[in-house]
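Residues per chain are reported as follows:
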Amino acid sequence: MQKIILVFFLFFMLNFLPAQAQKLRTKSQRAIEYYKQADTEIYDQRFASAENLLLECIDIDSKFIDAYLLLAEVYRQQDKFTEAENLYLKVLKSSGEKAPEVNFYIADLYISAGYYEKALVYFEKILTISDLFIDKKKINRQIENCKFGIAQTKNPKPLDFINLGSSINSEFHEYRPILTANEQQLIFTVTVPLKVPDIRLPDGQEDFFIAMKEDGKWLKRKPLGVPLNTFDNEGAHTVSLTGKYLYYTACNRPNSYGRCDIYAAKIDENGYSAPYNIGIPVNTEHWESQPSISPDGNTLYFVSNRPGGLGGKDIWKSTKNATGKWQEPVNLGASVNTSADEINPFIHYNGSSLYFSTNGRVGMGEYDLYVAEITEMGINEPVNLGFPINTHKSETDIFITPNGNSAFVSANKPGGFGKIDIWFFEMPELIKPKPVRLVFVSVFDQLTKQNITGKTNLGIETSTKEKITAEKTTTSACFTTQANTTFEFSFTAPGYFSLKENWTLKDSLNLLKTELRYELKPIKEGDELLLKNVYFETDLHVLKPESTAELMNLVLFLKENSSVTVEISGHTDNSGTEKHNLELSKNRAKSVVDFLVANGIKAGQLKFAGYGSSKPAASNETADGKALNRRTIMTILSK
């Protein structure tokens, strides 16, 4: 976040008055020279020097209105509200109360300090002044902002901001807090002082810091270090659901397409990989920044000033195709973007609540935070998060936990450690996002209890047919869900037996996450696998339709292990003659083999046999025992 100091006097001249009205109102060339020098000093943030120069201007020409106005701006930049107010009122009185630009300055001073009712008086007064140079559309927008601010401050949302303390915050700027899904790591940006001061970067250089949580408390922050932190700026980041990828903004890099691009780094037990530019078409010769990754890892929201947008900075999105390549970005359109700037998107874990900051809508300060709900029909009208989340200052970023109960913001509030700090609060009920439950699924070797190396396929189905898209690694997966439903997980991996397990999500969403651990059994010759869900018509070898799911899992297993040969064997209870039972069991085994061949398995991998009732698994004296004896077995013949 590069701090850009705008001299509001010049801003007003460029936006509210035509060029011919920008002539300085003094005949003294010496005063004009001092004025211009002061203007340069203000740009470089040398306010004390600028103040002395402007006082010299006023000594030379006590009626030099522009010097008074610029001096008031110097006071304003230093948060000297009373001094700025007094100067504006003095100039307003001397100009006969009708100077439109002076009325605007004092109105803007009041609205920027949160005095909405006072500001409203002056903005409305401007509209009564007959002056062709006033942009009435902009004045009317400020009047709307005043009325909105008045209404919001009279009906504040009940919440308390808690500073995260000296472990996180310091006398420097801390912002863009991102909590990992397990809520044990907080990654954020800090402007650290430069060893050699630079007037272009008065607050320092941006680096990543991380803090770990232990026993409910944040430990002392540490720099994230190389290879992410450099001698240049990096920040505006997002972390994938599994915590395996970090996307962020880096500027002025040798491999950049523009001034600032989006980069990524992979995270594993050894730390962060070398970051890489995610490339075209996301990055261009223009400015790309502030990524936010969707919970499934397949959609990236970001900010760009590229052509094709609606204003200065817009929010765009790019999705991955089946091969994992980012596709051509799409502008989110007028439902989110305006002719002004939209920044810092944050897509919640529910995948539908999009939070962002903008200065292009009616609000309380220069930038306010909003939320827009993404639906199948499009994006709903954004809603202002209201006071006191938004104030007369700029609120630019927010992070909300998966269950929607808590949020983190960066703001300069009373009681902080200086400048911008990271704060925590409990979300008001009315603006909570739909909560989600995080589900972490891991698979291990049954014998070694270690992670399985190589490719692991995980299938997820639900009883409610809810669409579940998981962010996967080779040995784990993570997904979010809002449903109270039953999940069916199926696993396959080369060298291991397939596994299918059911798990039911309980009612409570207060529990943030569930960790599920499953073990796969390594294949060895002679091992047997009971095909639990293979069914036949009574006393026939015709497969029932409900056998398909189990057999397709077997297909997947055999494709994953194409060097394995297996025997499919049929078994019966002792009802009927032995000859009949042998024939029936053989034909049932052959029906399974025929299904597998029809679905792409090579016949050379398969053998079949029928054993009738000769190998009972239980006693045939009971109905339950007979049911256990009617079964289909897969036996590993060779690896």
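## Description of helix α2 (residues 29-43)
Reasoning step 1: In a regular helix each residue adds 1.5 Å, so 15 residues correspond to 21 Å; α2 covers 21 Å between its end C-alpha atoms and thus fits that length.
Reasoning step 2: Those residues of α2 that sit buried are Ala31, Ile32, Tyr35, Ala38, Glu41 and Ile42.
Reasoning step 3: Two residues or fewer past α2, Gln45 is found with a positive phi of approximately 65 degrees.

## Digging into unusual backbone geometry
Reasoning step 1: Note that the residue after Ile280, namely Pro281, is joined by a cis bond; omega there is 10 degrees.
Reasoning step 2: Mapping Pro281 onto the fold places it in the loop between β11 (276-277) and β12 (288-293).
Reasoning step 3: The step from Phe387 to Pro388 runs through a cis peptide bond, and the omega angle for that step is 10 degrees.
Reasoning step 4: Look at Gln45: it is not a glycine, yet its phi comes out positive at around 65 degrees.
Reasoning step 5: As for its placement among the helices and strands, Gln45 is situated in the loop between α2 and α3 (47-60).
Reasoning step 6: By relative accessible area, which is 23% here, Gln45 ends up partly exposed.

## Observations concerning the side chain of Ser289
Reasoning step 1: Within the secondary structure, Ser289 sits in strand β12.
Reasoning step 2: Judged by its relative accessible area of 4%, Ser289 falls in the buried class.
Reasoning step 3: Among the polar contacts made by the side chain of Ser289, one reaches the side chain of Thr249 at a distance of 3.1 Å.
Reasoning step 4: Each residue touching Ser289, except ones within four places of it in the same chain, is listed here: Ala236, Thr249, Ile262, Phe302 and Val303.

## Here we look at the sheet that holds strand β22 (residues 406-411)
Reasoning step 1: With antiparallel pairing, four strands are arranged side by side in an open sheet as β1-β23-β22-β21. Looking along the sheet, the strands with just one partner apiece sit at the ends: β1 (162-163) and β21 (398-400).
Reasoning step 2: As judged from the three bridges shared by β21 and β22, these two strands associate in the antiparallel manner. Across the sheet, the residue bridging to Phe399 is Phe408, located in β22.

## Quick word on the packing of helix α6 (residues 100-112) against helix α8 (residues 136-154)
Reasoning step 1: One way to put it is that α6 packs onto α8 with a least axis distance of 11 Å and a crossing angle of 30 degrees. Viewed along their axes, α6 and α8 adopt a mutual orientation that is roughly parallel. Two packed elements cross with a definite hand, and for α6 against α8 that hand is left-handed. Touching Phe104, Asp108 and Ile111 of α6 are Ile139, Gln142, Asn145 and Cys146, all from α8.
Reasoning step 2: Looking at side-chain class alone, the contact of α6 with α8 contains four nonpolar, two polar and one charged residues.

## Looking at the pairing of strand β9 (residues 260-268)
Look at any regular strand and the pattern is simple: side chains alternate between the two faces of the sheet.
Reasoning step 1: For β9, the buried fraction is high: seven of the nine residues fall into the buried class.
Reasoning step 2: Pairing geometry for strand β8 (residues 245-251) and β9, over seven bridges, is antiparallel. When the sheet's bridge partners are listed, Tyr248 is paired in β9 with Tyr263.
Reasoning step 3: Pairing of β9 with β11, which is carried by two bridges, proceeds in the antiparallel orientation. Within β11, the residue paired with Ala264 across the bridge is Tyr276.
Reasoning step 4: Here β9 runs beside strand β10 (residues 271-272); their pairing, made up of two bridges, is antiparallel. Following the sheet pairing, Ile267 is matched in β10 by Tyr272.
Reasoning step 5: Counting the residues in the hairpin turn of β9 and β10 gives two residues.

Procedures and definitions
Residues numbered from 1 in each chain as written. Predicted model: local features only at pLDDT ≥ 70, side-chain atom pairs only at ≥ 80, totals over all residues. Heavy atoms only, no water. Helix = DSSP H or I, 4+ residues; strand = E, 2+ residues; numbered from the N terminus. Expected span 1.5 Å × (residues − 1). Buried < 20%, exposed > 50% of the residue type's maximum accessible area, 1.4 Å probe, protein only. Polar contact = N/O pair within 3.5 Å; in protein donor to acceptor, adjacent residues only side chain to side chain. Contact = heavy atoms within 4.5 Å. Pairing = 2+ DSSP bridges. Axes fitted to C-alpha atoms, helices over the stretch in contact; angles between N-to-C directions. Parallel < 35°, antiparallel > 145°, perpendicular 65-115°, else oblique. Left-handed = near helix turned anticlockwise from the far one by under 90°. Nonpolar A, V, L, I, M, F, W, Y, C, P; charged D, E, K, R; others polar.

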